[in-house]
Amino acid sequence: MKAKLHESKPKDVYITYVRTTPKKLWQALTSPEFTRQYWYDTWQESEWKVGDTWKMVAPDGRIVNSGKIIEIFPTRRLVLKWHHEFQPGHAEGYARMTYEIEKSGDSVKLSVIHEFDKPDSKFFKAISNGWPLRLSSLKSLLETGESLKETRYWPKGM
């Protein structure tokens, strides 16, 4: 589910419930072997400590996104300062991305909050279309052992 908040700065909030544990969801969000399966064969590199750098790497080694770890509470919360580097027209400074993980009965509630400083952000428009598919693929991977086919491979021509 996606909810746009009415503010002067763009902000998207996505919420999904996954039949898993907070530990497995955390691993899926931060481990290269997981992200490659549902995030177009990309992986993240970081030491996962406050102040450390973070980057998302394409299969050919190019940096797609980069930033810094702002907050980290393993299995509960991760806040990143996020800069898009791959498409020059979308490189508009930094955004803030937050994962919030909460146990909810036999499931886990995952909230993704992506905030942008620039009111007419092209990156905001691009990422808004990408989160629902990635999160659906992540949910499928954790619940069935298989991600959505559309998110397994880097798009041709990119």
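Everything discussed here concerns the structure shown above.
Residues numbered from 1 in each chain as written. Predicted model: local features only at pLDDT ≥ 70, side-chain atom pairs only at ≥ 80, totals over all residues. Heavy atoms only, no water.

Participant: Tell me about the overall build of the protein, residues and numbers included.
Facilitator: Counting secondary structure elements, the protein contains three helices and eight strands. Element order for the protein, N to C, with α for helix and β for strand: β-β-α-α-β-β-β-β-β-β-α. Relative to its full complement of 158 residues, the protein shows a buried share of 44%. Accessible area for the protein stands at about 8400 Å²; split by element, carbon and sulfur atoms hold 51% of it. (Helix = DSSP H or I, 4+ residues; strand = E, 2+ residues; numbered from the N terminus. Buried < 20%, exposed > 50% of the residue type's maximum accessible area, 1.4 Å probe, protein only. Areas by Shrake-Rupley, 256 points an atom, 1.4 Å probe, with all protein chains shown as cover.)

Participant: For the nonpolar core, give the residues involved together with the corresponding values.
Facilitator: Where a protein is soluble and globular, its nonpolar side chains tend to be buried together. One finds Tyr99, Leu110, Trp131 and Leu138 to be the most contacted residues of the largest nonpolar core, which totals 33 residues. Only strand E2 (11-18), helix H1 (22-30), strand E4 (53-57), strand E5 (63-73), strand E6 (77-84), strand E7 (94-104), strand E8 (107-116) and helix H3 (122-144) provide two or more residues apiece to this core. For tryptophan 131, the contacting residues outside a window of four places in its chain are Tyr14, Trp39, Trp82, Met97, Tyr99, Val112 and His114. (Core = buried A, V, L, I, M, F, W, Y, C linked by side-chain atoms within 4.5 Å. Contact = heavy atoms within 4.5 Å.)

Participant: Hey, could you go over the side chain of threonine 20 for me, with residue numbers and the actual values?
Facilitator: Looking at the secondary structure, you find threonine 20 in the loop between E2 and H1. Given the relative accessible area of 9%, threonine 20 is considered buried.

Participant: So what's going on with the packing of aromatic side chains? Residues and values would help.
Facilitator: The full count for this structure, using the stated rule, is seven aromatic pairs. Between the aromatic rings of tryptophan 54 and tryptophan 82, the centroid separation amounts to 4.9 Å while the plane-to-plane angle is 45°, which identifies the pairing as tilted. Of the two residues, tryptophan 54 is situated in strand E4 and tryptophan 82 in strand E6; the sequence distance between them amounts to 28 residues. Of the two residues examined, tryptophan 54 and tryptophan 82, each falls in the buried class. Its end group placed over the ring of tryptophan 131, arginine 134 keeps NZ or CZ at 5.5 Å from the ring centre. (Phe/Tyr/Trp six-rings, centres within 6.5 Å; stacked < 30°, edge-to-face > 60°. Lys NZ or Arg CZ within 6 Å of the ring centre and 35° of its normal.)

Participant: How would you explain the environment of proline 22 if you had to name every residue and give the values?
Facilitator: Mapped onto the fold, proline 22 is located in helix H1. Sequence separation between proline 22 and glutamate 102 is 80 residues, and the spatial gap between their C-alpha atoms is 7.1 Å.

Participant: I'd like a rundown of the pattern of salt bridges, residues and numbers included.
Facilitator: This model, assessed by the stated rule, comprises 11 salt bridges. For the salt bridge of aspartate 60 with arginine 62, the shortest nitrogen-to-oxygen distance reads 2.6 Å. Residue classification places aspartate 60 among the partly exposed residues on the basis of a relative accessible area of 49%. Close ionic contact of glutamate 146 with arginine 152 constitutes a salt bridge, the shortest N to O distance being 3.1 Å. Judged by relative accessible area, which is 23%, arginine 152 ranks as partly exposed. (Salt bridge = Lys/Arg side-chain N within 4 Å of Asp/Glu carboxyl O.)

Participant: Quick one: what's the story with unusual backbone geometry, residue by residue and with numbers?
Facilitator: Within the chain, aspartate 41 stands out as a residue other than glycine whose phi angle is a positive 65°. Summarising the element assignment, aspartate 41 is placed in the loop between helix H2 (32-38) and strand E3 (43-46). Not every positive phi belongs to a glycine, and threonine 75 is a case in point at roughly 70°. Structurally, threonine 75 is set in the loop between E5 and E6.

Participant: I'd love a proper account of the environment of threonine 144, names of residues and values included.
Facilitator: Looking at the secondary structure, you find threonine 144 in helix H3. The exposure class of threonine 144 is exposed, given its relative accessible area of 59%. For threonine 144 and arginine 19, which are 125 residues apart along the polypeptide, the C-alpha to C-alpha distance reads 9.6 Å. Side-chain polar atoms of threonine 144 contact the backbone oxygen of serine 140, separated by 2.6 Å. (Polar contact = N/O pair within 3.5 Å; in protein donor to acceptor, adjacent residues only side chain to side chain.)

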